[in-house]
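Here are the chains, one letter per residue:
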Amino acid sequence: ALALNRNDIKKDTICISKEIGSSLEDKMVIRMCKTELSVREIPLTGGIKEVIDKACSLHNNDTIFSAEDGSFYNSTILGDRIHRIGKKEGLDFNMYSIRHLFATDLTLNGVDERTRIELMGHSNIKTTLGYARSNRGRKLSALESRND
């Protein structure tokens, strides 16, 4: 998301084709995604559209999630800040928690494997399953159904 620019947002789709990373010469550059499967189109929902519109209204930069001066946010620094705030509030939370939550939510809501793989930008289901978690209620249900 930190590499999204205004041209990546279509009427009803977000095109993810870039990421922020480092090159041999520079740190914090926009580069193409690492793998072909990382490039994906995600349907744009109302809630996400509101967030993007709000971010776009904060500045005139081409990159949607950037500082007022146009510089990129450093995902490591951003992640560290979020983790520190979470710890202060008594939560064990980090940036990857969002990906785990997303994968878990898709899995628990019965979304098919192919859709989960494509939404997560993975090349196989094993990677996607590594992000997904179960919960106590689902485990209890599974065990109770075995006893019947």
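Scroll up to find the structure.
Calculation criteria
Residues numbered from 1 in each chain as written. Predicted model: local features only at pLDDT ≥ 70, side-chain atom pairs only at ≥ 80, totals over all residues. Heavy atoms only, no water. Helix = DSSP H or I, 4+ residues; strand = E, 2+ residues; numbered from the N terminus. Expected span 1.5 Å × (residues − 1). Phe/Tyr/Trp six-rings, centres within 6.5 Å; stacked < 30°, edge-to-face > 60°. Lys NZ or Arg CZ within 6 Å of the ring centre and 35° of its normal. Core = buried A, V, L, I, M, F, W, Y, C linked by side-chain atoms within 4.5 Å. Buried < 20%, exposed > 50% of the residue type's maximum accessible area, 1.4 Å probe, protein only. Contact = heavy atoms within 4.5 Å.

K.L.:
Before we move on, can you summarise the environment of Met95 with the specific residues and values?
P.N.:
Along the chain, Met95 falls in helix 3 (residues 95-108). For the pair Met95 and Ile82, spaced 13 residues apart in sequence, the C-alpha separation works out to 7.3 Å.

K.L.:
Hey, could you go over helix 2 (residues 75-88) for me, with residue numbers and the actual values?
P.N.:
Along its 14 residues, helix 2 runs 20 Å from first to last C-alpha, staying within 8% of the 20 Å computed at 1.5 Å per residue. One or two steps after helix 2, the chain reaches Gly90, where phi turns positive at roughly 85°.

K.L.:
If you had to explain the packing of aromatic side chains to someone new, which residues and values would you point to?
P.N.:
Taken as a whole and judged by the stated rule, the model has 0 aromatic pairs. Directly above the ring of Tyr131 sits Arg99, whose terminal nitrogen or CZ lies 5.0 Å from the centroid.

K.L.:
Residues and numbers for the nonpolar core, please.
P.N.:
Ranked by size, the top nonpolar core spans 11 residues in total: Leu2, Leu4, Ile9, Ile14, Ile42, Leu44, Ile52, Ala55, Cys56, Ile64 and Phe65. With 3 residues, helix 1 (residues 46-57) is the single largest residue contributor to this core. Setting aside residues up to four positions removed in sequence, Ile9 forms contacts with Ile14, Leu44, Ile52 and Ile64.

K.L.:
Describe the environment of Met120, listing the residues and the values that go with them.
P.N.:
Mapped onto the elements of the fold, Met120 is located in helix 4 (residues 113-120). Judged by relative accessible area, which is 2%, Met120 ranks as buried. Aside from chain neighbours lying at most four places away, what touches Met120 is Arg40, Arg99, Phe102, Ala103, Thr128 and Tyr131.

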